[in-house]
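What the coordinates show
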Amino acid sequence: MSQITPIQIDNFLPYMRDVVRCEQSLHELNLMWRIIESSAKMNCPVEAKSILPTMAATRVGFNRLEKELVLSLVQEKVATVLNEIGTKAQYVIDILVRNLYERTADVGFLATDKELCAFVAGLSGNEDKIRARLRAYRSKYTVYDEIILLDVDGNVLVQINQETPIEGSLDPLIQRTLVSDQYVETYRATDLRPNKDKALIYSKRMLHPETGAVIGLLCLCFNFVEEMAGVFESHGDPSGRSVMLLLDGDNCVIETSDQRWIPVGAVLPVNRDAQSNLMIYGGREYLIRTFIADGYQGYMGPAGWQGQVMIPVEIAFTGKETNALKALDPRVARGLLSHAQSFCPPLYEVMNAASTIRRVVWNGQVMTAGQGGELLKLKTILDQISETGTRSNELFAQSINDLYETVLASRLQDSEFVSHLLVDLLDRNLYERSDDCRWWAVTPELRIALESGAVDSKTVTQMTDILEYINKLYTVYTRIFVYDCHGKIIASTSPINENGSIIGTKIDDLTLAQVMGLRTEQDYYVSPFVPDALYGNAPTYIYHAAIMATGGNSVVGGIGIVFDSAPEFFAMLQGGISTKGEVKAFYINRQGRIISSTDPSRPVGSILEVEADLLALPNGKSASRIVIHDGNYSILGCSVSNGYREFKVTDGYKEDVIAVVYDSFGEVREHFSSGNDSASIIDTYFVKTDDPEFATFFIDEGLFSIEAEHVLEALAASEISSVSIGGRTERVGVISIQDDSKGKAYAWVFDLGYLLSGIPSVQDSNSQVVIVECGHHKIGLLVGALHSVAQFNESQITFTPLAMGKNGALIKQIIKANNGKLLIQGVDISYLLRMLSNPFEPVIAP
């Protein structure tokens, strides 16, 4: 995806209110830094000497952030929209190509049908009988709206749609088909479909059953308009904010989800390279994504066809009111946010910026703590910094929240869309399986063989040859077999399994009873998804149809087709998530039992732990939420099957399948480097000028304090350098500090969280190192986010019992702020230094 240039920002900003707010916050903060820095230089240059370099560096940093951060935020939001519409554009063409691949197989197989070939050759049959056979085919493969048989001169021999009768055709596709040994795919206006502007036709030449001479051709007319309308309805934007399109190689619209918005025939701009440029159509600016087909089983679809989705820029970043954060457990929200660097770098940058502001303000307050005289001038300036910083922090917090909400909402929506696609692919694929078994059950040779009652070896060989021919064309089946009315298997492809030959064995009684109870050629039965010896004792679906006596409805046997579920289902899942990174996908049933999985640790047949309300979702519905999955924060998306055309809708078959996807963001964190800022604002209305001051900070959500007189400054934890000598768990490294006598020096850094709880601290963008001094010794303490520097009245301070004893304690006091509603634990620096025994051994610079 291309990067947005500074020039392009102005094109997008008017449509991103949250980014504009962030930009205004940065600009205000940058301006305030300039004013405060200038005031400090003029009014108290001596007192401000030590902090001026930090202020200048921060000002320069925010000057950069004001430009680069806004650019990053715009880039993230544009990328989010382009990814969203790109997913849909890709699925438009991929779904269609998978469907049309089945059509290429259909025309190749039906063009070799012996009854049809004999009729076209003039050897047998009559027009009404053949029309009935073709209509029987269409009643199963309902994606066709016309089937035509023609001779070599283009004369129509039979067509099933007599409402638009045609006598013959001069279309060039006839000659193209007759001279080719492959199928011919045609999409354009044709006299074969006089009532349509354009038609999509699959044609294949037919050969004489005895001589092999070319005798005519078969044309299968795909109901293209109806099919695309179904795709658009199923996968389009229900809010109507975007338009979904199918384009040809000249970028001309073939089909559209909204004819009034962008009509068929319009020539459009395309964006195959995921450019971030705005593109104009009809005087309106759009974000566009365009995809050509990836292909399926080597079939690439009609030449040049493309899926495209377009969304006007003025509504691209609005209209998505979500409550993802409100519905989320606060600890989960904060834990997920701690992984922002991996899933949303701009969000991570905003968080780092807020942390930088807080550290500078905190350091300034520490430096002037307990000071009087001229330093009070600097303190007044720092109070202004603090006030401005607080206001800016609120704006930053809102910007962080807005961007976080946007990212989560987009990921949640995408997970639903992917799961919807996956379950749609499954229903569409299995629809074809229900068609195949019913059509092959009416094969005349199979009917005649079974209704005779006595099947000799010659007949078995003939039946096996037919099944072998079918299985070579339809490789999604591992076995196709025929059985008699007693359930005994008579003929089969791949007849040998690990237990020997399956010929002569019987199907189970339940399946036999179901098949014998089928009443019409339209009926079928599917075995439950359980292990079956006919599939190597692995679970699969086996599709059955009754073979009925010629001219009647009495069942004389049946045909079973063993779907190769393991690789086929896996390919569907993998194809749907191939561009989604570390996403894991599953097909499960209503009980949570896995039908297919891309996660090796959860094999087929095991149970996927999914919440009960998701397992009970109505058909066709989708849901998404943030969950803990395998110790990681994950977005779960799921969709329940809703059938395709008549399959699972009106044909009586019910087998609900749920597609589930997990998009993981990072491991669960039980400990955090910051607490709830809004609940930790300290009320200082009742303190006096000479009350003691404390520097406060977070450790794993708890608020702690150190007397401000012992604190020198705070540094970013990212400045810590690890060392290998003198390994101690609590000692995490060294950090460079300023020393008045030595210039640059180093101090050991100890994990205060580990010293308090025995659990190593989590280091993230909030983590800081507080440099403390006791006597002539300086050490660094690794803590979480900085909080504030505040005064407390002695009445608010209570010493702990252990601290009052002979040996003392690491936590020597509890500060009860805000009328006791906020408790702050006070760290005893003197005790800490004794506890560390000998932390002052010389530090060797790394």
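Predicted model, so just to flag it, every value in this text is computed and none were measured. (Residues numbered from 1 in each chain as written. Predicted model: local features only at pLDDT ≥ 70, side-chain atom pairs only at ≥ 80, totals over all residues. Heavy atoms only, no water.)

With respect to the overall build of the protein
If you tally the helices and strands in the protein, you get 19 helices and 35 strands. The buried share of the protein, taken over its 846 residues, is 56%. At a minimum sequence separation of 6, the contacts of the protein that also span at least 24 residues come to 64%. Carbon and sulfur atoms make up 51% of the accessible area of the protein, which amounts to about 36400 Å² in all. (Helix = DSSP H or I, 4+ residues; strand = E, 2+ residues; numbered from the N terminus. Buried < 20%, exposed > 50% of the residue type's maximum accessible area, 1.4 Å probe, protein only. Contact = heavy atoms within 4.5 Å. Areas by Shrake-Rupley, 256 points an atom, 1.4 Å probe, with all protein chains shown as cover.)

Observations regarding the sheet that holds strand β22 (residues 622-629)
What the 5 strands build is an open sheet, ordered β21-β20-β24-β23-β22; its pairing is antiparallel. Because the sheet does not close on itself, it has two edges, and the strands there are β21 (594-597) and β22. In this sheet, adjacent strand axes meet at a mean angle of 25 degrees when their direction is disregarded. Where strand β20 (residues 584-588) meets β21, 3 bridges bridge the pair, whose relative direction is antiparallel. Across the sheet, residue Y587 finds its bridge partner in β21, namely S596. (Pairing = 2+ DSSP bridges. Axes fitted to C-alpha atoms, helices over the stretch in contact; angles between N-to-C directions.)

Structural notes on the pairing of strand β34 (residues 811-817)
Most of β34 is tucked away, with 5 of its 7 residues classed as buried. Sheet topology places strand β33 (residues 797-799) next to β34; 3 bridges connect them, and they run antiparallel. Bridge pairing in β34 places I797 opposite I815. Counted along the chain from β34 to the antiparallel partner strand β35 (residues 822-827), the turn is 4 residues long, and its residue N818 has a positive phi close to 55 degrees.

Examining unusual backbone geometry
Even without being glycine, S494 reaches a positive phi, approximately 45 degrees. Structurally, the position occupied by S494 is in the loop between β12 (489-492) and β13 (496-497). Judged by its relative accessible area of 38%, S494 is partly exposed. Its identity as a non-glycine residue notwithstanding, D630 has a phi of 55 degrees, on the positive side.

Focus: the packing of aromatic side chains
Under the counting rule described, the total for this entry stands at 26 aromatic pairs. Where Y431 meets Y644, the ring centres are 5.0 Å apart and the plane angle is 90 degrees; that geometry is what we call edge-to-face. Of this pair, Y431 sits in helix α12 (residues 375-440) while Y644 sits in the loop between β23 (632-640) and β24 (658-667), and the two are 213 residues apart along the sequence. The same class applies to Y431 as to Y644, namely buried. When the centroid spacing of 5.8 Å and the interplanar angle of 70 degrees are considered together, the rings of F569 and Y587 count as edge-to-face. One end of the pair, F569, is in helix α16 (residues 565-577); the other, Y587, is in strand β20, with 18 residues separating them in the sequence. (Phe/Tyr/Trp six-rings, centres within 6.5 Å; stacked < 30°, edge-to-face > 60°.)

Things to note about the nonpolar core
Ranked by size, the top nonpolar core spans 146 residues in total, and within it L287, L347, W440, Y541, I559, F569 and Y587 carry the most contacts. Sort the elements by how many residues they give to this core and helix α3 (residues 52-110) lands first, with 20 residues. Excluding residues that lie within four positions of it along the chain, L347 makes contacts with L337, A340, I400, L403 and Y404. Formed by 30 residues, the second largest nonpolar core is a distinct cluster that contains V711, L752, I811 and L833. (Core = buried A, V, L, I, M, F, W, Y, C linked by side-chain atoms within 4.5 Å.)

A word on the sheet that holds strand β5 (residues 214-222)
Taken in spatial order, the 5 strands make up an open sheet running β2-β1-β5-β4-β3, and their pairing is antiparallel. Each end of this open sheet is capped by a strand with a single partner; those strands are β2 (156-159) and β3 (184-188). Neighbour-to-neighbour, the strand axes of the sheet open up by a mean angle of 25 degrees, direction not taken into account. When strand β4 (residues 199-207) meets β5, the two strands line up antiparallel, connected through 8 bridges. Paired with K204 across the strands is L218, a residue of β5. Against the sheet, helix α5 (residues 127-140) contacts β1 (144-151), β2 and β5, and its axis sits at roughly 145 degrees relative to β1.

What about the environment of E285?
Here E285 shows up in strand β9 (residues 284-292). Separated by 28 residues in the primary sequence, E285 and V313 place their C-alpha atoms 6.0 Å from one another. When sequence neighbours within four positions are dropped, the list of residues in contact with E285 reads Y15, L278, M279, I280, I311, P312, V313 and E314.

Some thoughts on the environment of Q574
With respect to the helices and strands, the residue Q574 is situated in helix α16. Along the primary structure Q574 and S597 are separated by 23 residues, whereas in three dimensions their C-alpha atoms are 9.2 Å apart.

Observations concerning the confidence of the model for the protein
With 90% of its residues at a pLDDT of 70 or more, the protein has an overall mean of 87. Contacts of residues 841-846 to residues separated by more than four positions or lying in other chains number 13 contacts, the stretch itself having pLDDT below 50. (pLDDT = per-residue confidence, 0-100.)

A closer look at the pairing of β2
Both β1 and β2 contribute to a ladder of 3 bridges, which runs antiparallel. Pairing of L149 across the sheet is with V158, part of β2. Counted along the chain from β1 to the antiparallel partner β2, the turn is 4 residues long, and its residue G154 has a positive phi close to 90 degrees.

Details of helix α7 (residues 224-235)
Look at α7: 16 Å from first C-alpha to last across 12 residues, which is about the 16 Å you get at 1.5 Å a residue. All of the buried residues in α7 are F224, E227, M228, V231, F232 and H235. Down the axis of α7, the buried side of the element spans an arc of 135 degrees, and every buried residue falls inside it. (Expected span 1.5 Å × (residues − 1). Arc of directions from axis to C-beta.)

Things to note about the state of the cysteines
The full count for this structure, using the stated rule, is 0 disulfides. Here C221 stays unpaired: no disulfide links it, and the sulfur of C219, its closest cysteine neighbor, is 6.1 Å away. On the basis of relative accessible area, C221 is assigned to the buried category, the value being 1%. (Disulfide = S-S within 2.5 Å.)

Notes on the pattern of salt bridges
Applying the stated criterion to the full structure yields 32 salt bridges. For the salt bridge of D656 with R590, the shortest nitrogen-to-oxygen distance reads 3.2 Å. Placement of D656 in the loop between β23 and β24 and of R590 in the loop between β20 and β21 is noted, with a sequence separation of 66 residues between them. According to the relative accessible area criterion, D656 is buried, its value standing at 13%. Overlapping salt bridges, with partners in common, bring together E226, E227, D424, R428 and R645 in one network. (Salt bridge = Lys/Arg side-chain N within 4 Å of Asp/Glu carboxyl O.)

With respect to a nonpolar patch on the surface
On the surface, V152, L207 and V214 cluster together into a nonpolar patch covering about 180 Å² of accessible area. By the element assignment, V152 lies in the loop between β1 and β2. (Patch = residues over 30% accessible without salt bridge, like charges linked within 9 Å, V, L, I, M, F, W, Y side chains within 5 Å.)

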